[in-house]
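# Descriptive analysis of the structure
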Amino acid sequence: MHGEGIPESRSAYGCELRQRREAAGLTQEVLSQRAIMSRTHIAHIEAGRRKPSLEDARRLDQVLETGGFFERFLPTLDDRSMPNYFALVAELEKRATMIREYASSLVPGLLQTRAYAWAVIRHYYPPKTDEVCDKIVVTRLERARILQDPTTPVMWCLLDEAVLRRPVGGPAVMAEQLRYITELGESERIRVHVLPFAVGVHPLMEGSAMLMSFDDAPPITYAEGLATGHLIDQPSVVQQCHLNFELTLGDALSHSASLALIRAAAEEYEHVA
């Protein structure tokens, strides 16, 4: 649980540091000696109470052999183009070999078109200026650049039918958005499965979730709710999230049937537009 007043991005940074330190078999004292930092300073960073300096991050990367991860992640601690609680998630997406995401009401950020993202962000409250909205949209589109790699990460998207039926931005915006998802699915860059309304109650109803797998680290689940999000690394909970995803996926339409439904929904929006 995050400490009061501590940005979630710093808590996530500290959690990552602790996990990598423990994976390397180092105590805080040993790490402090090798990184030429005080043990107390490391403890504060791991607890999210203190922001590391650039030199701190470089020393941690060197000692833990993390390939510059902590230095690259450092700027996101002050990035206002995304919520604090999402900063580490955006970094982890770049390392993931597989991303499986369940979306309950909105198109996942990695798949959003510019117009769709703008329509979503314009409805944030309190309202934001056009300049701030532009920055957030650009950041979201930059995240999606990971899909330019033809093979990694593998991405499976489980979309509630509500994602197709909720007219975000109007018919023209929805038509473009659904056509884009269809193109990604037809090219086999992503796997898409739609969960029809007729399924009724299912194990993922409580919210949206992203399940990330890595070559060099245990899997992680990111669960998001209203104005908040949490990275879950507890093995038993992550395993339960994977099980819930698999159970729900079993009730969804096949990839081809899902693409047909999405294509049909796009045509309906185009007709209205």
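Here the structure is shown first, and the text comes after it.
Residues numbered from 1 in each chain as written. Predicted model: local features only at pLDDT ≥ 70, side-chain atom pairs only at ≥ 80, totals over all residues. Heavy atoms only, no water.

### What about the overall build of the protein?
Scanning the protein for helices and strands turns up 12 helices and six strands. For the protein, the C-alpha radius of gyration of 20 Å lies close to 19 Å, the compact-globule estimate for 273 residues. With the C-alpha coordinates of the protein rotated into their principal frame, the extents come out at 65 × 40 × 35 Å. Counting all 273 residues of the protein, 49% fall into the buried class. In the protein, the share of contacts with a sequence separation of at least 24, taken over all contacts with a separation of at least 6, comes to 71%. Surface exposure of the protein reaches about 13600 Å², of which carbon and sulfur atoms provide 53%. Looking at charge distribution, the protein has the averaged site of its 29 positive side-chain charges lying 5 Å from that of its 37 negative ones. (Helix = DSSP H or I, 4+ residues; strand = E, 2+ residues; numbered from the N terminus. Rg over C-alpha atoms; globule rule 2.2 N^0.38 Å. Buried < 20%, exposed > 50% of the residue type's maximum accessible area, 1.4 Å probe, protein only. Contact = heavy atoms within 4.5 Å. Areas by Shrake-Rupley, 256 points an atom, 1.4 Å probe, with all protein chains shown as cover. Lys, Arg positive; Asp, Glu negative; His and termini not counted. Charge placed at Lys NZ, Arg CZ, Asp CG, Glu CD.)

### What to know about the pattern of salt bridges
Under the criterion given, the structure shown has 17 salt bridges. Across the pair Lys94 and Glu91 runs a salt bridge, and its minimum N-O distance is 3.8 Å. Taken together, the residues span about one helical turn, with Lys94 and Glu91 both in helix H6 (residues 87-95) at a distance of three residues. On the basis of relative accessibility, which here comes to 59%, the residue Lys94 falls in the exposed class. (Salt bridge = Lys/Arg side-chain N within 4 Å of Asp/Glu carboxyl O.)

### So, the side chain of Gln177
Mapping Gln177 onto the fold places it in helix H10 (residues 171-186). Exposure remark for Gln177: the relative accessible area of 0% places this residue in the buried category. Excluding anything up to four places from it in sequence, Gln177 contacts Val107, Leu111, Gln112, Thr113 and Tyr116.

### Focus: helix H2 (residues 28-35)
Among the residues of H2, Gln28, Leu31, Ser32 and Ala35 are the ones counted as buried. One side of H2 carries all its buried residues, which in axial view fall inside an arc of 100 degrees. Turned more than 90 degrees away from the buried face of H2, the exposed residues are Gln33 and Arg34. Within two residues after H2, Ile36 carries a phi angle of roughly 55 degrees, on the positive side. (Arc of directions from axis to C-beta.)

### What to know about unusual backbone geometry
Here Thr152 and Pro153 are connected by a cis peptide whose omega angle stands at 0 degrees. Within the secondary structure, Pro153 sits in the loop between helix H8 (130-143) and strand E2 (154-160). The residue Glu65 is not glycine, and still its phi comes out positive at about 55 degrees. Residue position: Glu65 is located in the loop between helix H4 (54-64) and helix H5 (69-73). Classification of Glu65 by relative accessible area gives exposed; the value is 70%.

### Quick look at the packing of aromatic side chains
The final tally for this structure, using the stated rule, is two aromatic pairs. Following the ring pairs from residue to residue traces out a cluster consisting of Tyr13, Phe69 and Phe70. Positioned above the aromatic ring of Phe69, the side-chain terminus of Arg20 is 4.4 Å from the ring centre. A cation over an aromatic ring shows up here: Arg95 above the ring of Phe214, its NZ or CZ 5.2 Å from the ring centre. (Phe/Tyr/Trp six-rings, centres within 6.5 Å; stacked < 30°, edge-to-face > 60°. Lys NZ or Arg CZ within 6 Å of the ring centre and 35° of its normal.)

### A closer look at the sheet that holds strand E1 (residues 98-103)
With mixed pairing, the six strands of this open sheet are ordered in space as E3-E2-E1-E4-E5-E6. Across the chains shown, the open sheet's two edge strands, defined by having one partner strand only, are strand E3 (190-195) and strand E6 (228-232). The sheet shows a mean angle of 15 degrees between the axes of neighbouring strands, taken without regard to direction. Of the strands in this sheet, E2 and E3 touch helix H12 (residues 255-272), which is tilted by about 70 degrees from E3. (Pairing = 2+ DSSP bridges. Axes fitted to C-alpha atoms, helices over the stretch in contact; angles between N-to-C directions.)

### A short note on the state of the cysteines
Overall, the coordinates contain zero disulfides when judged by the stated rule. For the unlinked cysteine Cys15, the closest cysteine sulfur is that of Cys241, found at 15 Å. Judged by relative accessible area, which is 23%, Cys15 ranks as partly exposed. Of all cysteine sulfurs in the structure, the one in Cys241 sits closest to Cys157, which takes part in no disulfide; the separation is 17 Å. (Disulfide = S-S within 2.5 Å.)

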